[in-house]
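Given next are the chains, with one letter for each unit.
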Amino acid sequence: MKLNINTTLSQPELAQYLVVLVDASPIQQQLQAYQIQALDRLLETTQFKAAFGETLPLIGQVEQAQNAVLIGVDQADQLSVQKVYKIAQQIVKAVQKKYSRIAIDLSALPSQLHYQFALALTQASYGFDEFKSKKNEFLLTEIDLIAQQTELSDSQLNLIQAIHTGQSVARDLGNRPGNICYPEYLAEQAQALAAEYPELLKVTVLDEQQMADLGMNAFLAVSKGSDRPGRLINIEYRNDLEQAPVVLVGKGITFDTGGISLKPGAGMDEMKYDMCGAASVLGTLRALCQAKLPIHVVGTIAAAENMPSGHATRPGDIVTTMSGQTVEILNTDAEGRLVLCDTLTYIKRYNPELVIDIATLTGACVVALGSVLSGMFSPDDALAAELEQAGQQSFDRVWRMPVIDDYQEQLDSPFADIANIGGPKAGAVTAACFLQRFTREYRWAHLDIAGSAWNSGAQKGATGRPVPLLMQFLANRV
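Okay, so let's go over this structure.

### Digging into the overall build of the protein
Here comes step 1: Secondary structure summary: the protein contains 14 helices and 19 strands in total.
Here comes step 2: Computed over its C-alpha atoms, the radius of gyration of the protein comes to 24 Å, within 12% of the 23 Å expected for a compact globule of 478 residues.
Here comes step 3: In terms of overall dimensions, the protein has a C-alpha envelope of 80 × 50 × 45 Å along the principal axes.
Here comes step 4: Burial status across the protein gives 58% buried among its 478 residues.
Here comes step 5: For the protein, the proportion of contacts with a sequence separation of at least 24, taken over those separated by at least 6, is 77%.
Here comes step 6: Looking at the protein, you have 37 positive and 52 negative side-chain charges, and the mean spots of the two groups are 4 Å apart.

The structure is reproduced here in structure tokens:
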């Protein structure tokens with residue numbers, strides 16, 4: 001999606017469709033830039049009041065555009081970002097199969113909402129039809145934004161377009177089924193991205209033997225149950241090697257049956273989304289390459305498939321992690337923390353500035369926060385504040401949850417240093433506390449995206465979150 005920003009509709013012949021946002025203040029004053037035939041009579045006849053989402057088509061009545069529409073936003077100074085997203089979705093849904101290029105006059109919106117509105121337009125334009133015989137036939141590829149006063153800059157538009165690209169990559173990966181997208185496939189996608197940007201990216205992939213040599217037995221306790229071997233994928237974005245890197249660690253369980261602790265069959269098809277943390281890391285790296293931000297980032301993906309088999313880990317098994325800590329595996333469906341704990345130990349070799357892990361980790365987080373907010377856990381107040389700010393800016397919001405020692409005793413085991421589950425209480429918190437035991441030597445935050453990474457139901461699909469959050473976070477640091 002290409003976005004342009006101008007103060008006027010400078011080349012009206014290029015825009016096939018004009019959308020003008022209007023609020024409930026005197027409508028005629030807002031439309032002085034456009035020669036609209038018999039406007040007063042039209043408003044009186046239709047009783048158009050610019051209520052939120054209300055539309056008024058203008059066919060052949062605007063000199064600058066053959067096809068045009070007014071869309072109401074009601075009281076513009078009281079608009080929430082959520083309503084801005086709804087207006088963006090309304091516009092894109094109406095035009096994406098009809099026009100390749102449209103113009104939107106967003107002067108009615110407060111200037112501070114222009115960035116979120118532009119980002120929302122790109123997100124609304126996504127569709128996934130890779131495995132359908134009948135394709136979506138989306139035409140929309142370019143939008144001209146018009147505002148006499150705006151805080152939007154060309155650099156911000158470039159960032160938005162990079163986020164759109166990266167978020168679409170993450171959504172595509174999440175939507176692909178487990179028979180297409182498996183650990184080796186994720187490694188191939190990383191290598192293909194590095195081939196596209198050889199000057200920026202360096203990729204290394206560890207196989208199971210190399211992980212065994214490093215003592216990553218918690219990771220292998222998950223991957224050994226599948227015929228698809230696990231992979232540890234490292235993607236280094238090298239656009240400022242003088243900096244210590246920000247390390248992004250993504251959980252990449254490409255399909256999660258629960259292992260021996262088998263999940264219920266209903267809804268298990270959605271367990272292809274258990275690699276959305278990994279997808280968001282790949283999407284963020286893709287967006288970084290497009291935006292060319294001057295920063296040093298390492299993306300590390302823990303890719304495995306959790307299957308029941310004669311080789312699968314049993315409940316009660318004890319493994320020694322790469323850190324030397326032993327884990328009693330009480331539930332094989334708590335596998336994400338097992339692949340992540342060894343990965344969080346492995347990435348210490350990069351001497352990171354900070355580490356953020358991203359994982360569809362717990363159903364408990366879905367119960368707590370639903371699909372609106374991602375759970376954010378960190379003992380680092382400054383890092384937590386940075387993530388909260390980036391979430392508000394990108395409307396990819398997080399909610400800080402506790403990760404404190406009071407919960408650690410729930411993970412005690414009579415047979416090992418730690419159990420991999422802490423019982424029915426505070427499941428998302430104890431999962432974060434488990435990971436914290438492997439992150440004491442660097443600044444760390446954990447994002448539980450189990451509720452925000454995909455939508456269930458008739459319109460199910462990956463959301464590509466938290467790519468917008470991560471890119472905004474990195475851009476703010478730059």
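Next comes the rest of the description.
### A look at the sheet that holds strand 15 (residues 398–401)
Here comes step 1: As summarised here, the arrangement of the eight strands in space is 7-8-10-9-13-17-14-15, forming an open sheet in which the pairing is mixed. Looking at the sheet topology across the chains shown, the edges are occupied by strand 7 (201–206) and strand 15. Strand-to-strand twist across the sheet, computed as the mean angle between neighbouring axes with direction ignored, equals 20°.
Here comes step 2: Sheet topology note: the strand 7/strand 8 (residues 231–238) ladder contains six bridges and is antiparallel. Bridge pairing in strand 8 places Leu-201 opposite Tyr-237.
Here comes step 3: Its contacts with the sheet put helix 9 (residues 276–291) on strand 7, strand 8, strand 9 (246–256), strand 10 (296–306) and strand 13 (354–359), and the angle it makes with strand 9 is roughly 135°.
Here comes step 4: On top of the sheet, helix 14 (residues 467–477) reaches strand 9, strand 10, strand 13, strand 15 and strand 17 (444–448); it is set at about 170° to strand 13, its chief contact.

### Looking at the pattern of salt bridges
Here comes step 1: Evaluation of the coordinates by the stated rule reveals 18 salt bridges.
Here comes step 2: For Glu-441, the salt bridge identified is with Lys-348, shortest N-O distance 3.1 Å. With Glu-441 in the loop between helix 13 (427–436) and strand 17 and Lys-348 in the loop between helix 10 (336–346) and strand 13, this pair connects stretches of sequence that are 93 residues apart.
Here comes step 3: Of the residues examined, Lys-348 reaches a relative accessible area of 29% and is grouped as partly exposed.
Here comes step 4: Taking the shortest distance from any N to any O, the salt bridge between Arg-477 and Glu-386 comes out at 3.0 Å.

### As for the packing of aromatic side chains
Here comes step 1: The tally for this structure, following the rule as stated, stands at six aromatic pairs.
Here comes step 2: When the ring centre of Phe-52 is taken as reference, the NZ or CZ atom of Lys-83 above it lies at 5.1 Å.

### Observations concerning the pairing of strand 11 (residues 317–320)
Here comes step 1: Of the two faces of strand 11, the one lined by Asp-317 and Val-319 is fully buried and the one lined by Ile-318 and Thr-320 carries no buried residue.
Here comes step 2: Sheet topology note: the strand 11/strand 12 (residues 326–329) ladder contains four bridges and is antiparallel. Within strand 12, the residue paired with Ile-318 across the bridge is Glu-328.
Here comes step 3: Where strand 11 hands over to strand 12, the hairpin turn is made up of five residues, of which Gly-324 adopts a positive phi near 100°.

### Some points on the pairing of strand 5 (residues 101–105)
Here comes step 1: With five of five residues buried, strand 5 lies mostly within the body of the structure.
Here comes step 2: Burial along strand 5 is two-sided: Arg-101, Ala-103 and Asp-105 and Ile-102 and Ile-104, pointing in opposite directions, are all buried.
Here comes step 3: Pairing of strand 2 (residues 18–22) with strand 5, which is carried by three bridges, proceeds in the parallel orientation. In the sheet register, Leu-18 faces strand 5, and the bridge partner there is Ala-103.
Here comes step 4: You can see the chain leave strand 5, run along helix 4 (residues 114–124) and come back into strand 6 (residues 142–146), and the turn it takes is right-handed.

### Considerations on unusual backbone geometry
Where the residue is not glycine, phi is negative for most of them; where a peptide bond is considered, it is trans in most cases.
Here comes step 1: Cis geometry is found at the peptide bond from Arg-465 to Pro-466, where omega equals 5°.
Here comes step 2: Positionally, Pro-466 belongs in the loop between strand 19 (461–462) and helix 14.
Here comes step 3: In the Ramachandran plot, Gln-47 falls in the positive-phi region, its phi being about 55° despite a non-glycine side chain.
Here comes step 4: Looking at Gln-47, the relative accessible area reads 45%, which means it is partly exposed.
Here comes step 5: For Ala-50, which is not glycine, the phi dihedral falls at a positive 65°.
Here comes step 6: Summarising the element assignment, Ala-50 is placed in the loop between helix 2 (39–46) and strand 3 (55–62).

### Things to note about the packing of helix 9 against helix 14
Here comes step 1: The geometry of helix 9 relative to helix 14 is characterised by a closest axis approach of 9 Å and an angle of 45° between their N-to-C directions. Classified by the angle their axes make, helix 9 and helix 14 are oblique. Here helix 9 and helix 14 pass one another in a crossing that is right-handed. For the pair formed by helix 9 and helix 14, the contact residues are Ser-280, Gly-283, Thr-284, Ala-287, Leu-288 and Ala-291 on the first element and Val-467, Leu-470, Met-471 and Leu-474 on the second.

### A short note on the side chain of Glu-335
Here comes step 1: Within the fold, Glu-335 resides in the loop between strand 12 and helix 10.
Here comes step 2: We classify Glu-335 as buried; its relative accessible area is 1%.
Here comes step 3: Engagement of the side chain of Glu-335 in a polar contact is seen with the side chain of Lys-251, the distance being 3.4 Å.
Here comes step 4: Those residues within four positions of Glu-335 in sequence are excluded, and the remaining contacts are Val-222, Lys-251, Ile-253, Asp-256, Asp-274 and Asn-306.

### Quick look at the side chain of Ser-413
Here comes step 1: With respect to the helices and strands, the residue Ser-413 is situated in the loop between strand 15 and strand 16 (418–419).
Here comes step 2: At 2.6 Å, the side chain of Ser-413 and the side chain of Glu-328 are in polar contact.
Here comes step 3: At 3.1 Å, the side chain of Ser-413 and the backbone nitrogen of Phe-415 are in polar contact.
Here comes step 4: Not counting residues up to four positions away in its chain, the partners in contact with Ser-413 are Glu-328, Ile-418 and Ala-419.

### Focus on the nonpolar core
The nonpolar side chains of a soluble globular protein tend to be buried with one another.
Here comes step 1: Grouped together as the largest cluster of nonpolar side chains are 101 residues, with contacts concentrated most on Leu-21, Ile-104, Phe-117, Leu-145, Leu-186, Leu-201 and Tyr-237.
Here comes step 2: The greatest single-element share of this core, amounting to nine residues, is contributed by helix 9.
Here comes step 3: Residues within four places of Leu-201 in sequence aside, it is in contact with Leu-193, Ala-194, Ile-235, Glu-236, Tyr-237, Leu-285 and Cys-289.
Here comes step 4: With 45 residues, the next largest nonpolar core counts Met-216, Ala-302, Leu-338 and Leu-435 among its residues.

So, how was this worked out
- Residues numbered from 1 in each chain as written.
- Predicted model: local features only at pLDDT ≥ 70, side-chain atom pairs only at ≥ 80, totals over all residues.
- Heavy atoms only, no water.
- Helix = DSSP H or I, 4+ residues; strand = E, 2+ residues; numbered from the N terminus.
- Rg over C-alpha atoms; globule rule 2.2 N^0.38 Å.
- Buried < 20%, exposed > 50% of the residue type's maximum accessible area, 1.4 Å probe, protein only.
- Contact = heavy atoms within 4.5 Å.
- Lys, Arg positive; Asp, Glu negative; His and termini not counted.
- Charge placed at Lys NZ, Arg CZ, Asp CG, Glu CD.
- Pairing = 2+ DSSP bridges.
- Axes fitted to C-alpha atoms, helices over the stretch in contact; angles between N-to-C directions.
- Salt bridge = Lys/Arg side-chain N within 4 Å of Asp/Glu carboxyl O.
- Phe/Tyr/Trp six-rings, centres within 6.5 Å; stacked < 30°, edge-to-face > 60°.
- Lys NZ or Arg CZ within 6 Å of the ring centre and 35° of its normal.
- Right-handed = clockwise from strand over helix to strand, strands pointing away.
- Parallel < 35°, antiparallel > 145°, perpendicular 65-115°, else oblique.
- Left-handed = near helix turned anticlockwise from the far one by under 90°.
- Polar contact = N/O pair within 3.5 Å; in protein donor to acceptor, adjacent residues only side chain to side chain.
- Core = buried A, V, L, I, M, F, W, Y, C linked by side-chain atoms within 4.5 Å.

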